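# Fold and contact review
For reference, the chains in residue letters:
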Amino acid sequence: MTQPKHNVVIFLGPPGAGKGTQAERLAQDKGLVKISTGDILRDHVARGTDLGQQVKPILDAGQLVPDDILIALIRDKLASMDAVRVIFDGFPRTGAQAKELDVLLEELGAPVSAVPLLEVPDQVLIDRIVDRGRQAAARGEAVRSDDTEEVARRRQEIYREQTQPLIDYYSARGQLTRVDGVGSMDEVYGRILGSMK
Ligand code: ADP
């Protein structure tokens, strides 16, 4: 079977669900480009660009960066691609972002292929995030400034308010698949692959 030219996967799930790790593996296996908006924004902060200086306090507080900034970033990324073969990790996060992504994809003739939702209970999420911070610190690595319990809880609240409605948005179109995100990385990855067949 020939591969479709375009492949657009949108990873949904709360902060700490493991989207980044799973998206990375899926990207490598399927030859897709992972677009992680959190990584892109943190890179701007690390390099001290104008954008980085603008968004740093927002990231530190666990708030969402304004939609127009994200949409411009994504528009730029996709514009340079001939075939749109991507995994979105952390985007869209609001209804406005989802609608704008639809417009962009329509312009490019690249429909959404799959929307796996990684489901993980709240307390497990907080434990994972706080743990991630501690482990990075123990390895002497930079700790994400938003990986503290207080900010992690705020990110969860914002997820519930702003991002959870996207579950209905994609499920109404029959694109969403629910994946149990509790288990080892391999187990969860196996479930993701299974959900995409
Ligand atoms: P997590 O999913 O663990 O919260 P991310 O790396 O996806 O981590 O995002 C980190 C931060 O980057 C968010 O708390 C937010 O401030 C900002 N951010 C990332 N993606 C978006 C987006 N699509 N819209 C608005 N803000 C975003």
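Residues numbered from 1 in each chain as written. Predicted model: local features only at pLDDT ≥ 70, side-chain atom pairs only at ≥ 80, totals over all residues. Heavy atoms only, no water.

The name that an unreviewed UniProt entry assigns to the chain is Adenylate kinase, with the source organism given as Deinococcus soli. The record in UniProt for the chain states the following under Sequence similarities (unreviewed entry): "Belongs to the adenylate kinase family." UniProt, in the comment section headed Function (unreviewed entry), describes the chain in these words: "Catalyzes the reversible transfer of the terminal phosphate group between ATP and AMP. Plays an important role in cellular energy homeostasis and in adenine nucleotide metabolism." (UniProt positions renumbered as here; feature names shortened; annotations may be inferred.)

On inspection of all chains with the given rule, the structure shows 22 salt bridges. Between D147 and R132 there is a salt bridge whose closest N-O contact spans 2.8 Å. Remark: R132 occurs in helix α6 (residues 122–138) and D147 occurs in the loop between α6 and α7 (149–163); sequence separation between them is 15 residues. The partner of D146 in a salt bridge is R155, with the nearest N and O atoms 3.8 Å apart. As far as the burial class goes, D146 and R155 line up, both buried. (Salt bridge = Lys/Arg side-chain N within 4 Å of Asp/Glu carboxyl O. Helix = DSSP H or I, 4+ residues; strand = E, 2+ residues; numbered from the N terminus. Buried < 20%, exposed > 50% of the residue type's maximum accessible area, 1.4 Å probe, protein only.)

The residues that UniProt annotates with the feature "binding site: AMP" (unreviewed entry) are T37, R42, Q63, L64, V65, G90, F91, P92, R93, Q97, R144 and R155. Taking the farthest pair of C-alpha atoms as the criterion, the annotated set spanning 119 residues is dispersed, since that pair is 24.3 Å apart. Following the sequence through the fold, V65 ends up in the loop between α3 (50–61) and α4 (67–79). Overall, V65 belongs to the buried group, its relative accessible area being 7%. When sequence neighbours within four positions are dropped, the list of residues in contact with V65 reads L41, V55, I58, L59, L70 and Q97. Mapped onto the secondary structure, F91 falls in the loop between β3 (85–89) and α5 (95–108). Since its relative accessible area comes to 1%, F91 is described here as buried. (Contact = heavy atoms within 4.5 Å.)

With respect to spatial proximity, 20 residues lie near the ligand, and among them T37, R42, Q63, G90 and R155 are the closest. K19 places a side-chain nitrogen or oxygen 3.5 Å from an oxygen atom of the ligand. At a separation of 3.1 Å, a nitrogen atom of the ligand approaches a polar backbone atom of V65. Contact with the protein chains hides 96% of the accessible area of the ligand, taken as 550 Å² for the molecule alone. If one sorts the elements of the shell around the ligand by residue count, helix α2 (residues 37–47) sits on top with four residues. Looking at the shell around the ligand residue by residue, the class counts come to seven nonpolar, six polar and seven charged. (Near = heavy atom within 4 Å. Polar contact = N/O pair within 3.5 Å; in protein donor to acceptor, adjacent residues only side chain to side chain. Areas by Shrake-Rupley, 256 points an atom, 1.4 Å probe, with all protein chains shown as cover. Nonpolar A, V, L, I, M, F, W, Y, C, P; charged D, E, K, R; others polar.)

Here the UniProt feature "binding site: ATP" (unreviewed entry) sits at G16, A17, G18, K19, G20, T21, R132 and G183. Residue class for G20 comes out partly exposed when judged on its relative accessible area of 25%. Within the secondary structure layout, T21 lies in helix α1 (residues 19–30). The partly exposed category is assigned to T21, whose relative accessible area is 43%.

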